[in-house]
Amino acid sequence: MDNATEFKLEAQPLIPESLVRLAELANDLFYSWDYGLRSLFVRMDAELWEKVEHNPKLFLRRVAQSRLDQAAEDRAFLAEYRRVLSDYDFYLESEPGTEVTEKLDPATDLVAYFCAEFGFHESFPIYSGGLGILAGDHCKGASDLGLPFVAVGLRYQQGYFIQSIDPEGRQIALYESHSSDELPITRVEQNGDPLLVPVPFPGREIQACVWEARIGHIRLYLLDTNVNENSPEDRDLTLQLYGGDETTRIKQEMLLGIGGARALEALGLQPTVWHINEGHAAFQILERCRRAMGRGLDFEAALELVAGCTLFTTHTPVAAGHDIFSRELTLQNLEEYLQVSGLDFEKVFALGATAAGDAFNMTSLGLRGSRFHNGVSRIHGRVASEMEQHLWPQVPAEENPIDYITNGVHVSTFLAPEWSRLFDMQAPNWRNSLRDPDFWAFVEQIPDYNFWNVHKTLKQQLAESISRRVTRQHTRNGTGHTVTDRMTRHLLSTEKDTLVVGFARRFATYKRATLIFSDLDRLQRLLTNPDRPVVLVFAGKAHPRDKPGQQLIKVIHDLSMEPEFMGHILLLENYDQAMARRLLSGVDVWLNTPEYPKEASGTSGEKAALNGALNLSVLDGWWGEGYDGHNGWAITPRDIELDAEFRNKEEARDLLDLLEFEVAPLYYDRTHQGYSRGWVERSKASMKTVTPRFNSERMVMDYVTRFYQPASEQGGKLGANEGQSARELAEWKQRVRGAWPGVSLMMPECMDAKCRHGENVPLIVSANLNGMMPEDVRVEGLITPDCTGNSEPHAATRFLLEFERDNNGMMEFSGQMAPSYAGLQTLRLRMYPFHQALSHPLEMGLMAWI
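Figured I'd write up the structure that's included with this text. The residue numbering used here restarts from 1 in each chain and proceeds along that chain's sequence as written. Local features in this predicted model are restricted to residues whose pLDDT is 70 or higher, and side-chain atom pairs enter the listing and the counts only when it is 80 or higher, whereas totals over whole chains, interfaces and linings include all residues. Excluded from the side-chain calculations are hydrogens and water; all other atoms, namely the structure's heavy atoms, are used.

Focus on the overall build of the chain
Secondary structure summary: the chain contains 28 helices and 29 strands in total. Taking 2.2 N^0.38 as the reference for a compact globule, 850 residues should give roughly 29 Å; the C-alpha atoms of the chain span a radius of gyration of 29 Å, in line with that estimate. A sequence separation of at least 24 residues applies to 73% of the contacts in the chain between residues at least 6 apart. Carbon and sulfur atoms form 48% of the exposed surface of the chain, whose accessible area is close to 35200 Å². Residues scored as charged are limited to Lys and Arg (positive) and Asp and Glu (negative), so that His and the chain ends carry no count. Where a charge sits is defined by one atom per residue type, namely NZ (Lys), CZ (Arg), CG (Asp) or CD (Glu). Placing the 85 positive and 119 negative side-chain charges of the chain at their respective mean positions leaves the two points 3 Å apart. Counting from the N terminus, the helices are the DSSP runs of H or I reaching at least four residues and the strands are the DSSP runs of E reaching at least two. As defined in this context, the radius of gyration uses C-alpha atoms, and a globule is described by 2.2 Å times the residue total to the power 0.38. In what follows, residue pairs with any heavy atoms lying within 4.5 Å of each other are defined as contacts. Using a 1.4 Å probe, accessible areas were evaluated by the Shrake-Rupley method; residue-level cover was limited to the displayed protein chains.

Details of the pairing of strand 20 (residues 589-592)
On a regular strand, one side chain projects to one face of the sheet and the next to the other, so that they alternate. Side chains Val589 and Leu591 project from strand 20 onto one buried face, and the interleaved Trp590 and Asn592 project onto a second face that is buried too. The pairing criterion for strands is at least two bridges between them, as found by DSSP. In this sheet, strand 20 lies alongside strand 17 (residues 499-504) in parallel orientation, the contact comprising two bridges. In the strand pairing of strand 20, Val501 is matched with Val589. Of the strand pairs in this sheet, strand 20 and strand 21 (residues 614-618) are connected by four bridges, and their pairing is parallel. Its bridge partner being in strand 21, Val589 is matched across the sheet by Leu614. By convention, a crossover is right-handed whenever its connection, traced from the first strand over the helix to the second and viewed with the strands pointing away, goes clockwise. The handedness of the strand 20 to strand 21 crossover, carried by helix 24 (residues 604-610), is right-handed. Three exposure classes are used, based on accessible area relative to the maximum for each residue type with a 1.4 Å probe and protein chains only: buried under 20%, partly exposed in between, and exposed over 50%.

Here's the deal with the pairing of strand 22 (residues 632-635)
Burial of strand 22 is two-sided: the residues Gly632 and Ala634 facing one way and the residues Trp633 and Ile635 facing the other way are all buried. Across four bridges, the pairing between strand 21 and strand 22 is parallel. Paired with Leu616 across the strands is Trp633, a residue of strand 22.

Side note on the packing of aromatic side chains
The way to describe two aromatic rings as a pair is by their centre distance and the angle between their planes. Only Phe, Tyr and Trp rings take part, Trp by its six-membered ring, and two of them pair if their centres are within 6.5 Å. Stacked means planes under 30 degrees apart, edge-to-face means over 60, and tilted covers everything else. A full pass over the atoms with the stated rule returns 40 aromatic pairs. Taken together, a centroid distance of 5.1 Å and an interplanar angle of 45 degrees make the contact between Trp440 and Phe442 tilted. Pair check on accessibility: Trp440 and Phe442 agree, each one buried. Among the aromatic side chains, those forming a connected cluster through ring pairs are Trp419, Phe423, Trp430, Phe439, Trp440, Phe442 and Phe451. Definition used: whenever NZ (Lys) or CZ (Arg) falls within 6 Å of the ring centre and also within 35 degrees of the ring normal, the charge is taken to sit over that ring. It is Arg327 that lies over the ring of Phe349; its NZ or CZ is 4.8 Å from the centre. The cationic tip of Lys684 hangs over the ring face of Phe451; the distance from NZ or CZ to the ring centre is 5.8 Å.

Observations regarding helix 11 (residues 284-293)
In terms of burial, helix 11 is a largely internal element, eight of the 10 residues being buried. Buried residues of helix 11: Gln284, Ile285, Leu286, Glu287, Arg288, Cys289, Arg291 and Ala292, and no others.

Re helix 22 (residues 547-560)
Given a rise of 1.5 Å per residue, 14 residues ought to cover 20 Å, and the 20 Å separating the end C-alpha atoms of helix 22 matches this to within 8%. In this fold, the buried residues of helix 22 make contact with strand 3 (162-165), strand 4 (171-174), helix 20 (481-492), helix 21 (520-527), strand 18 (534-539) and strand 19 (569-572). To estimate the expected span of a helix, count its residues, drop one, and scale the result by 1.5 Å.

Observations regarding unusual backbone geometry
What is expected of a backbone is that most residues other than glycine have negative phi and most peptide bonds are trans. Pro597 follows Tyr596 through a cis peptide bond whose omega is 0 degrees. Locating Pro597 in the fold gives a position in the loop between strand 20 and helix 24. The phi angle at Asn770 is positive, at roughly 50 degrees, despite the residue not being glycine. The topology assignment puts Asn770 in the loop between strand 24 (761-768) and strand 25 (777-785).

Quick look at the sheet that holds strand 19
Sheet strands pair via backbone hydrogen bonds, and the direction of the pair is either parallel or antiparallel. What the six strands build is an open sheet, ordered 19-18-17-20-21-22; its pairing is parallel. Lying at the two open borders of the sheet, with one neighbouring strand each, are strand 19 and strand 22. Each strand axis lies, on average, 20 degrees off the axis of its neighbour in the sheet, ignoring direction. Axis lines are fitted to C-alpha atoms, over the contacting stretch for helices. Their N-to-C directions set the angle, which ranges from 0 to 180 degrees. Seen against the sheet, helix 23 (residues 577-586) touches strand 17, strand 18, strand 19 and strand 20 and runs at an angle of roughly 155 degrees to strand 18.

A short note on the environment of Arg828
Following the sequence through the fold, Arg828 ends up in strand 28 (residues 825-833). In this structure the C-alpha to C-alpha distance between Arg828 and Thr272, which are 556 residues apart in sequence, comes to 39 Å. Apart from the residues within four sequence positions on either side, Arg828 is in contact with Glu780, Gly781, Leu782, Thr784, Ala796 and Trp849.

A closer look at the side chain of Arg219
Relative to the elements of secondary structure, Arg219 occurs in strand 10 (residues 218-224). Excluding its chain neighbours within four sequence positions, the residues that come into contact with Arg219 are Phe149, Val150, Ala151, Glu212, Ala213 and Arg214.

A short note on the pattern of salt bridges
The term salt bridge refers to a side-chain nitrogen of Lys or Arg lying within 4 Å of a carboxyl oxygen of Asp or Glu. Following the criterion strictly, the structure yields 51 salt bridges and no others. Put simply, Arg638 and Glu650 hold a salt bridge, and the shortest N to O gap is 3.7 Å. Of this pair, Arg638 sits in the loop between strand 22 and helix 26 (644-667) while Glu650 sits in helix 26, and the two are 12 residues apart along the sequence. Several salt bridges share partner residues, and in doing so they unite Glu10, Arg61, Arg62 and Asp181 into one network.

Things to note about the sheet that holds strand 29 (residues 848-849)
Spatial strand order, 23-24-27-26-25-28-29: seven strands in an open sheet with antiparallel pairing. Sheet topology places strand 23 (744-746) and strand 29 at the edges, where each strand pairs with a single neighbour. Sheet analysis places strand 25 next to strand 26 (residues 797-807), joined by five bridges and oriented antiparallel. Paired with Val779 across the strands is Leu801, a residue of strand 26.

Notes on the environment of Gly308
With respect to the element layout, Gly308 can be found in helix 12 (residues 299-308). Along the backbone, Gly308 and Gly716 are 408 residues apart, and their C-alpha atoms lie at a distance of 8.9 Å. Those residues in contact with Gly308, other than ones at most four positions away along the chain, are Arg371, Phe372, Ala711, Gln714, Gly715, Leu718 and Ser839.

Looking at the environment of Glu843
Along the polypeptide, Glu843 turns up in the loop between strand 28 and strand 29. Taking the relative accessible area as the measure of exposure, Glu843 reaches 11% and is therefore buried. Residues in contact with Glu843, not counting those within four places in the same chain, are Glu304, Arg371, Trp392, Pro401, Lys733 and Leu838. Separated by 3.0 Å, the side chain of Glu843 and the backbone nitrogen of His840 make a polar contact. Two N or O atoms form a polar contact when they lie within 3.5 Å of each other; inside protein one atom must be a possible hydrogen donor and the other a possible acceptor, and for residues adjacent in sequence the pair counts only when both atoms belong to side chains.

Describing the packing of helix 18 (residues 417-426) against helix 19 (residues 448-476)
How two helices pack is summed up by the angle between their axes together with the distance between the axes. With their axes 10 Å apart at the nearest point, helix 18 and helix 19 run at an angle of 160 degrees to one another. Taken together, helix 18 and helix 19 sit at an angle that is classed as roughly antiparallel. Note on packing geometry: the crossing formed by helix 18 with helix 19 is right-handed. Where helix 18 approaches helix 19, its residues Glu418, Trp419 and Leu422 are matched on the opposing element by Phe451, Val454, His455, Leu458 and Gln461. Each residue is assigned to one class: nonpolar for Ala, Val, Leu, Ile, Met, Phe, Trp, Tyr, Cys and Pro, charged for Asp, Glu, Lys and Arg, and polar for all the others, Gly among them. Each residue belonging to the contact of helix 18 with helix 19 can be placed in one class, and the counts come to five nonpolar, two polar and one charged. These descriptions rest on fixed angle ranges, namely under 35 degrees for roughly parallel, over 145 for roughly antiparallel, 65 to 115 for roughly perpendicular, and the rest for oblique. Put simply, a crossing is left-handed when the front helix is turned counterclockwise from the back one by less than a right angle, and right-handed when it is turned clockwise.

Things to note about the side chain of Asn611
Relative to the helices and strands, Asn611 is located in the loop between helix 24 and strand 21. Exposure remark for Asn611: the relative accessible area of 1% places this residue in the buried category. Within the structure, the side chain of Asn611 is placed 2.9 Å from the backbone oxygen of Lys607, a separation counted as a polar contact.

Describing the packing of helix 19 against helix 23
Relative to each other, helix 19 and helix 23 sit at 135 degrees, their axes nearing to 8 Å. On the basis of the axis angle, helix 19 is oblique to helix 23. Both helix 19 and helix 23 take part in a crossing whose hand is left-handed. The segment helix 19 lies against helix 23, with His455, Leu458, Lys459, Gln461, Leu462, Ser465, Ile466 and Arg469 engaging Met579, Arg582, Leu583, Ser585 and Gly586. Of the residues assigned to the contact of helix 19 with helix 23, the class counts are five nonpolar, five polar and three charged.

On their own, these measurements won't tell you what the molecule is for.
Here it is in structure tokens:
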């Protein structure tokens, strides 16, 4: 018998007629944010639901026929099933509001959103972390608002790795293949055959099939090279997310960008706005230029047409997050595509050239190939502007075209259902008021006892979940039961409600997961204080090639096994969305200690705040905008010019001070009812201030208003009359670039250095335009008050000088300066190119100053 071959057979049940739409519900990622829908599967077989890892489609293949038949006869189940269907149908039938339709016409507009990963739900593992979760939330927000919107990505056969941690604290990366028929996707067909998209690669053409995923109102299309038409090597191109070496990476990005654009064309979709979410998809710019050149435009005009309706979002200030390929690797992989496309390699390489000009940067390609750009928080917008200043070299970083929109999270996905039910009773219209800060004052009216009871329920659920995970993890590793019991005793204690602090995110060194361990003796006293104990819960993955990140995991593991810290430091393996929802809704404090200013946004803290958890975070990313002094605690980052070791030491001391002298005392300052009124007050402040400002509906509407609508309009203008405006703009830019090195600006006469407040000061400026016309430039003055002493800095007041006359080849511009402030002023005068067709007045990066 030991040598017998085992054959697996799956006998799939028949879904009763009365429940036939369960299959439809299981194939729409609407289930990823609808708890009531998911609960239908839990009610049928809770044990199987856990076994199939919350995958509705797989559940319906594995559930016992008897369970389905019983459900079909259960009147209570059928009532809940009909209620879910009613909500689902109502959602799909809902029309977009006028605030959307006034900006984007559903009949003519379409936003195409490209990203390398999408994180909708743990049952659909094509994500690794924050970028994917953000992309998933963006899609969900677009669906909720009814945007004309389509998303494009890759279908990874194994997705990202499954993490286990061995007895020595080493991360083990495991990969598991996922069959297409167990995922919420459907193969796209044309004329009865699978749609195949060809993409030229060195020496061959790779074919990609296309899968469609439903996300409420919108669709996601995923390219997959695992088809018979490809070689075994090419079939593995979409095997893993962020797997392989840089050769695999550039090929995946060609497939995503070039293949994704071709897939939309094959589907008959014509986007009016293209949103490139991080540099992985930037090769779409080349494909769209190729297509425009096929309509008669030269490369420069095609680029203007393409860039004018393109938004590029950058997501990280960390160098490792920006793909950079050598010139040789870029040429090797793009050469065949460029030859058949009629694109010149040198021009293409120039679009992605790094500041040194010796390598190809996908972020640079995305920025040069778009006219709308943004970071993902106010701080990150500033940092990104400084990082990419070489693209607009003569323009001050704070004025270059990189803007920001702060990330938000999908409330229905991450708000615990217990809170949803409480909100339904307290303020039934809360789902329609997600962007109204005044409305969320209702949180203050929730009785403290009811508020605390919800949190306590969620915390108990978290404790039980952690206990199961820790027991399973350490039993597998051979840890004895007595040790396992010690590790969970504080969480499960009924005598004392222990303060729980959570830290869960990718283990990258800049996130400083071990900052809290800088003073172990002090930390031990703090965590093991018998009157005010604290439990730290850690979770997260390090990239399989990130050895320093994996070392962080080992450090935490080793400390968690030390007798003095056992039960006070816990490390959970295989962090995914299911664990995230449980942690975010159950912890008391959410800890985030990134190295400033390297946290672009960091949305996990937003999700925790939705659920009433209090953030204890460095003032970086979103928390730099979210913290108001009453809704959590902040660690002020030290000057980045200081020594890194000194900064770490000082910020770690702030962290421990806050925990010891503010956080723990407030939590344990309990009334006879068993909770701290001050804690509940601060928790309510967290919930009511963060929810309406940092949700995906607000985020997506910001994109609609500030980027999608302008990009659609700009694309329409540049493309009119067979791209006439794009041609004219490209020719004008070429002429300006040729002339600009010879331009100069001067003041022919001395300006009066004094005036009375309210008086105008006349100005005359002479410009050598080196053959350009006066209408090709703007001459501008900037006035700022002197900011000496304790006075606050002010933004500059700007005024334009008008063309006056041609004075023997020198163009004179004049204007009246009206000082806005009394006292000493600073005046600066500058000139930059201007054309009515520019998307941003400073997009050329050229500027001359007196």
